[in-house]
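# Reading the structure
The lines below spell out each chain.
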Amino acid sequence: MWRAAAVCVVCQSLANSSYGVKGKSPLQKLHLVSQSIHHPHYTSSKFQRLPLRTSIQQFSSLNRLPLRKTKLLFVKYGYLPHRSFWVARLASRLLKLRYLVLGSAVGGGYTAKKTYDQWKEMLPDLSDYKWIVPDFIWELDEHIDFEKLSKALPDAEDLAKLLPDFDKIGESLSSLKGFFSPGYNLVSEVIGASDLLLLLGSQGETAFRATDQGYENDKQYKKVSDKEKIDQLQEELLHTQLKYQRILERLEKENKELRKLVLQKDDKGIHQRKLKKSLIDMYSEVLDVLSDYDASYNTQDHLPRVVVVGDQSAGKTSVLEMIAQARIFPRGSGEMMTRSPVKVTLSEGPHHVALFKDSSREFDLTKEEDLAALRNEIEIRMRKSVKEGCTVSAETISLNVKGPGLQRMVLVDLPGVISTVTSGMAPDTKDTIFSISKAYMQNPNAIILCIQDGSVDAERSIVTDLVSQMDPHGKRTIFVLTKVDLAEKNVSSPNRIQQIIEGKLFPMKALGYFAVVTGKGNSSESIESIKEYEEEFFQNSKLLKTCMLKAHQVTTRNLSLAVSDCFWKMVRESVEQQADAFKATRFNLETEWKNNYPRLRELDRNELFEKAKNEILDEVISLSQVTPKHWEEILQKTLWERVSTHVIENIYLPAAQTTNSGTFNTTVDIKLKQWTDKQLPNKAVEVAWETLQEEFSHFMTEKKGKEHDDIFDKLKQAVKEESIKRHKWNERAEDSLRVIQHNTLEDRSISDKQQWDAAIHFMEDTLQSRLKDTESVIEDMVGPDWKKRWLYWVGRTKEQNIRNETKNELEKMIKCNEDHAAYLANDEVTTVRKNLEAKGVAVDPCLIKDTWHQVYRRHFLRTALSHCNLCRRGFYYYQRHFVDSELECNDVVLFWRIQRMLAITANTLRQQLTNTEVRRLEKNVKEVLEDFAEDSDKKIKLLTGKRVQLAEDLKKVREIQEKLEAFIEALHQEK
């Protein structure tokens, strides 16, 4: 028995040693779980080998073995050593440490399947350690000389010194346990689940606790058919996997909170996490620059993106919201909601927020009011991007979503593919959606996330054919079947779902196939409730129980991990190649610029706009430096040109037809009063505004010699037109001007001879101008005179001959009576007509009156000019009020009043221009320039040309190349 006792002490340490070995110990076959681990005693004279039946416990490498001293226990049939091994205890604790570390790592975001596979690979092979005491240990005395062995063994005290300090090891393990809190309690559940998985997956029969009834249960279990065994094992495995998945999700939830706290700390130890957070943001910035890259090159579309395509109402937006973990998109039932591409950049961050590329406002995705505001803002931006007469737009809306635990990637949600254009849509809506989808999918590095509605017939799908055309080999396509819960209820043959997920039903090929559930169709469902519903559905689904679907092919969580992995794999494979392509493009553009514009600096549209802006502002400042004299001269001249016809025709000529000076002055006063009250102030303001526009246009369009750059002409013209359109003249100016003009026209006192002469000169110029106009009209009526007919060989028409005869007859009448009235009497018209008929000329009375008007007008103007010459020396008589004088110069006084009114009006308008209107116009110009600066479409439209385009392309390519190189460097650092 001392040999048996010695074996219990040293069996573990000497099983592989060679001390006292007589020969090789044959390894016997291990017993099954249902057999006893006790071995029969040796046959001898004292003892006989008797069969023993004891109970065993299910073995696990994670069971805690108590540390106790080795001693022999008395049993009914002899002494049996108590098996206690310090090596096994130490291994148990080390394995416990391994699972604690593994449980913490799993909380970082691995899926259930991948984590389970890794754990299984990392676990030691327990087939050699299935029983603590193998069979050959009990037969060691046949092969080992224990007498020699006992002499070679050290004392117990020496052995104790060699043992490690288990108290310190226990303290270390307890400290590690506190380090991984609060997830420590969940780790024990993971360990228990892993033990069960190992037992279910190991070779051999199912382990049962061998009690007194163990043999009967074992026999009864063996009678069960193999098929039922397999079904039972599959069901147990499925439940274990789902339980394992729930544990992992709880760990991930706690780890998410921990990561959120860590990201909020400013510590050097989280440098690697900051790098991961900024990496996707750097890549998104590259894509944003590319979206604004206005060039004819195709390289800008070759950087990877995740393109989300699918039929309308297939669930594209819902899948994207599940990946982003927030209901961020506008929702509708049976109508098109996505009207333009939406680029969503998912990145990791301490807070779950969203923000647009061109806005600094952050939307808190944990608050329902912010979510509603975000959805409303996206809808507004979509409506603005859609042009009039269209239904969809190719303009991209860029949105960044950050939050703890989000997978880093860039997704583009495209409008749903439709088969029919309904009322209210533009006729080209279907073709536009196809062209937008193809433009994104034809990128050879784009990952196509094809969304298919599982609740409808597969034959109704349109997008699968489109995807198979863009990616016929399926090297960059991931297929997603949505609404699997409805499909399982409605589809009569579940094998059809299995065919879809296995890629055997559709003609398209894909890298992976996934089945997801994105809610019950209620738009008010939260992300958490959808996750719970999805988990509950797949837990009870027959598709998983019957192995039609694999565990790693279900849930949006697994989908997001797979898409993220595929995205980053594609990025790493293609980003350096794209950087080289942009480098070559940059070299070509720089060479083209040097050859075409060697002496010009490379200015893009923004820089050119700033340069033009400064020039325009300088020109507006020059407008305020116009001299007062120049303003008044222009205003006075323009105003007289505008009102001279009214003054001559409606005021002077009617008053001149009166018989005496009193009637003349009365008529003039009445007509001037009427003119001032109704028309004159308004005409004056119009003249001032038009004058300001002309001067402003002159400064804006004036060429500056060699320094003039015609590339700014369109922009200056647009700024001028928009500024003038926005400018409004001060409404009070017209009322104040009316009072000034009325008071001026009432004054009749000419103070000195100089003003008298100026009035006569003004009157002569006006009458001479009118006389020339009248003579020109008469010449057109009667045709050329005899000199022109002889010199230029031209003749008169029949009507001109009649007019000429009528004119001659009327001139005879005026010569007979030079004081004739302005109108012909009826008898005089008859006399003229009969005289012409006597000459063989038939004339209409209307023609006679029309000709008389021009003939009398010429006669009157000639008479007025001769009278004006007489009034040059009439200032002395004017001072005496024409007393005792036959000379009356009231018409000179009228023209003096008009001339003085023009001068005072011009002075008043000049003051208003320089003090108010020019400054307001400068303000309008600045506002227009600011608006144009924010409108990129205006810049592209107004600043055009090969030079501008080349400079713009060159700057964009440089910016893209620099950002790509920075991204590649950060990518290498992350590796």
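Computed from a prediction, not measured in an experiment: that's the story for all the values here.

## Some details on the overall build of the chain
When helices and strands are tallied, the chain shows 34 helices and 11 strands. Across the 975 residues that make up the chain, the buried fraction comes to 44%. Partitioning the intrachain contacts of the chain with sequence separation of at least 6 by distance along the chain shows that 80% fall at a separation of at least 24. Just so you have it, the chain exposes about 53700 Å², and 49% of that area is on carbon and sulfur atoms.

## Re the pattern of salt bridges
Considering all chains together, one arrives at 36 salt bridges under this definition. In this structure, R958 engages E602 in a salt bridge whose closest nitrogen and oxygen atoms are separated by 2.7 Å. One end of the pair, R958, is in helix α34 (residues 946–974); the other, E602, is in the loop between α19 (556–596) and α20 (605–623), with 356 residues separating them in the sequence. Assessed through its relative accessible area of 24%, R958 is described here as partly exposed. Several salt bridges share partner residues, and in doing so they unite R586, E590, E602 and R958 into one network.

## Topic: the side chain of H352
Along the polypeptide, H352 turns up in the loop between β4 (342–348) and β5 (353–356). A distance of 3.1 Å separates a polar atom in the side chain of H352 from the backbone oxygen of A324. If we skip the residues at most four places from it in the chain, H352 touches A324, Q325, A326, F363, D364, L365, T366, V401, K402, G403, P404 and L406.

## Side note on the sheet that holds strand β8 (residues 409–413)
Strand pairing in a sheet relies on backbone hydrogen bonds. The paired strands run either parallel or antiparallel. Strands sit in the order β6-β5-β7-β4-β8-β3-β9-β10-β11 across an open sheet of 9 strands; the sheet is mixed. The open sheet is flanked by β6 (363–364) and β11 (512–515), the only strands paired with a single partner. Note: strand β9 (residues 447–453) against strand β10 (residues 477–482), 6 bridges, orientation parallel. Considered in β10, the bridge of L449 is made with I478. Helix-sheet contacts for helix α14 (residues 463–470) involve β3 (306–310), β9 and β10, and the interaxial angle to β9 is about 160°.

## Overview of the nonpolar core
In terms of nonpolar packing, the biggest core is built from 96 residues, with Y652, W675, L692, V719, W756 and I898 touching the most fellow members. The element best represented in this core is helix α32 (residues 890–934), accounting for 17 residues. Core analysis: the next-biggest nonpolar cluster, separate from the first, contains 66 residues, V289, L589, I960 and A970 among them.

## Section: the packing of aromatic side chains
Counted according to the given criterion, the structure contains 19 aromatic pairs. Ring centres of F479 and F506 lie 5.6 Å apart, and the angle between their planes is 45°; on these two criteria the pair is classed as tilted. Placement of F479 in strand β10 and of F506 in the loop between α16 (495–501) and β11 is noted, with a sequence separation of 27 residues between them. Each member of the pair F479 and F506 is classed as buried. Chaining the aromatic ring pairs together yields one cluster made of W640, Y652, F762, W852, Y856, F860 and F895. Directly above the ring of F356 sits R381, whose terminal nitrogen or CZ lies 4.0 Å from the centroid. One residue, K939, lies across the ring of F609, its end atom 5.2 Å from the ring centre.

## What to know about unusual backbone geometry
For residues other than glycine, phi is negative in most cases, and the peptide bonds are mostly trans. In this structure, S313 takes a positive phi of about 65° despite not being glycine. Relative to the elements of secondary structure, S313 occurs in the loop between β3 and α11 (316–324). Accessibility expressed as a relative area gives 45% for S313, which makes it partly exposed.

## Notes on the environment of K798
Topologically, K798 is positioned in helix α28 (residues 798–816). Along the chain, K798 and G783 lie 15 residues apart, while their C-alpha atoms are 10.0 Å from each other.

## Here we look at the pairing of β8
Among the 5 residues of β8, 5 are classified as buried, and the element is accordingly described as predominantly covered. Going residue by residue along β8, you find M409, L411 and D413 tucked away on one face and V410 and V412 tucked away on the opposite face as well. Pairing geometry for β3 and β8, over 3 bridges, is parallel. Paired with V308 across the two strands is D413, which belongs to β8. Across 5 bridges, the pairing between β4 and β8 is antiparallel. The residue bridging V344 from the neighbouring strand is L411, located in β8.

## Thoughts on the packing of helix α24 (residues 713–726) against α32
Contact geometry of α24 with α32 gives a least axis separation of 9 Å together with a crossing angle of 125°. Relative to α32, the element α24 is oriented oblique. Relative to α32, α24 is oriented so that their crossing is right-handed. For the pair α24 and α32, contact is made by L715, A718, V719, E722, S723 and R726 and by L921, N924, V925, E927, V928, L929, D931 and F932, respectively.

## So, a nonpolar patch on the surface
Side chains of L791, Y792 and V794 sit close together on the surface and give an oily, nonpolar patch of about 350 Å² of accessible area. Relative to the elements of secondary structure, V794 occurs in the loop between α27 (786–792) and α28.

## Section: the state of the cysteines
This structure, assessed with the given rule, holds 1 disulfide. Sulfur-sulfur distance for the disulfide between C871 and C889 comes to 2.0 Å. Measuring handedness by torsion sign, the sulfur bridge of C871 and C889 sits at about -100° and is left-handed. Of the two residues, C871 is situated in the loop between α30 (845–870) and α31 (875–879) and C889 in the loop between α31 and α32; the sequence distance between them amounts to 18 residues. Take C871 and C889: they sit in the same class, and that class is buried.

## Digging into the packing of helix α23 (residues 680–701) against helix α25 (residues 732–746)
Orientation of α23 relative to α25, taken along the N-to-C sense of each, is 120°, at an axis distance of 9 Å. Judged by the twist between their axes, the crossing of α23 over α25 is right-handed. Taken together, the residues of α25 that come into contact with α23 (itself represented by L680, P681, N682, A684 and V685) are E734, L737, R738, Q741 and L745.

## Description of the pairing of β10
Of all 6 residues in β10, 6 are buried, a share of seventy percent or more. Residues T477, F479 and L481 point to one face of β10 and I478, V480 and T482 to the other, with burial holding for every one of them. The β-α-β motif built from β9, the intervening α14 and the parallel element β10 has right-handed crossover chirality. By the bridge criterion, 4 bridges tie β10 to β11 in an arrangement that is parallel. Residue pairing in the sheet places I478 in a bridge with G512 of β11.

## A word on the environment of S435
Take S435: it is sitting in helix α13 (residues 429–441). The sequence separation of S435 and A394 amounts to 41 residues, and the corresponding C-alpha distance is 9.3 Å. A distance of 2.7 Å separates the side chain of S435 from the backbone oxygen of T432, its partner in a polar contact.

## Concerning the confidence of the model for the chain
Here the chain averages 75 in pLDDT, and 69% of its residues register 70 or above. Note that residues 128–133 has pLDDT below 50 and, in this model, 16 contacts with residues that lie over four places away or in other chains. For the stretch residues 172–219, pLDDT sits under 50, and the model shows 64 contacts to residues farther than four places along the chain or on other chains.

## Here's the deal with the environment of V571
Its place among the elements puts V571 in helix α19. Each C-alpha atom, one on V571 and one on A446, is 9.5 Å from the other, the two residues being 125 residues apart in sequence. Setting aside chain neighbours within four positions, we find V571 in contact with Y283, P304 and F967.

Criteria and cut-off values
Residues numbered from 1 in each chain as written. Predicted model: local features only at pLDDT ≥ 70, side-chain atom pairs only at ≥ 80, totals over all residues. Heavy atoms only, no water. Helix = DSSP H or I, 4+ residues; strand = E, 2+ residues; numbered from the N terminus. Buried < 20%, exposed > 50% of the residue type's maximum accessible area, 1.4 Å probe, protein only. Contact = heavy atoms within 4.5 Å. Areas by Shrake-Rupley, 256 points an atom, 1.4 Å probe, with all protein chains shown as cover. Salt bridge = Lys/Arg side-chain N within 4 Å of Asp/Glu carboxyl O. Polar contact = N/O pair within 3.5 Å; in protein donor to acceptor, adjacent residues only side chain to side chain. Pairing = 2+ DSSP bridges. Axes fitted to C-alpha atoms, helices over the stretch in contact; angles between N-to-C directions. Core = buried A, V, L, I, M, F, W, Y, C linked by side-chain atoms within 4.5 Å. Phe/Tyr/Trp six-rings, centres within 6.5 Å; stacked < 30°, edge-to-face > 60°. Lys NZ or Arg CZ within 6 Å of the ring centre and 35° of its normal. Parallel < 35°, antiparallel > 145°, perpendicular 65-115°, else oblique. Left-handed = near helix turned anticlockwise from the far one by under 90°. Patch = residues over 30% accessible without salt bridge, like charges linked within 9 Å, V, L, I, M, F, W, Y side chains within 5 Å. Disulfide = S-S within 2.5 Å. Right-handed = clockwise from strand over helix to strand, strands pointing away. pLDDT = per-residue confidence, 0-100.

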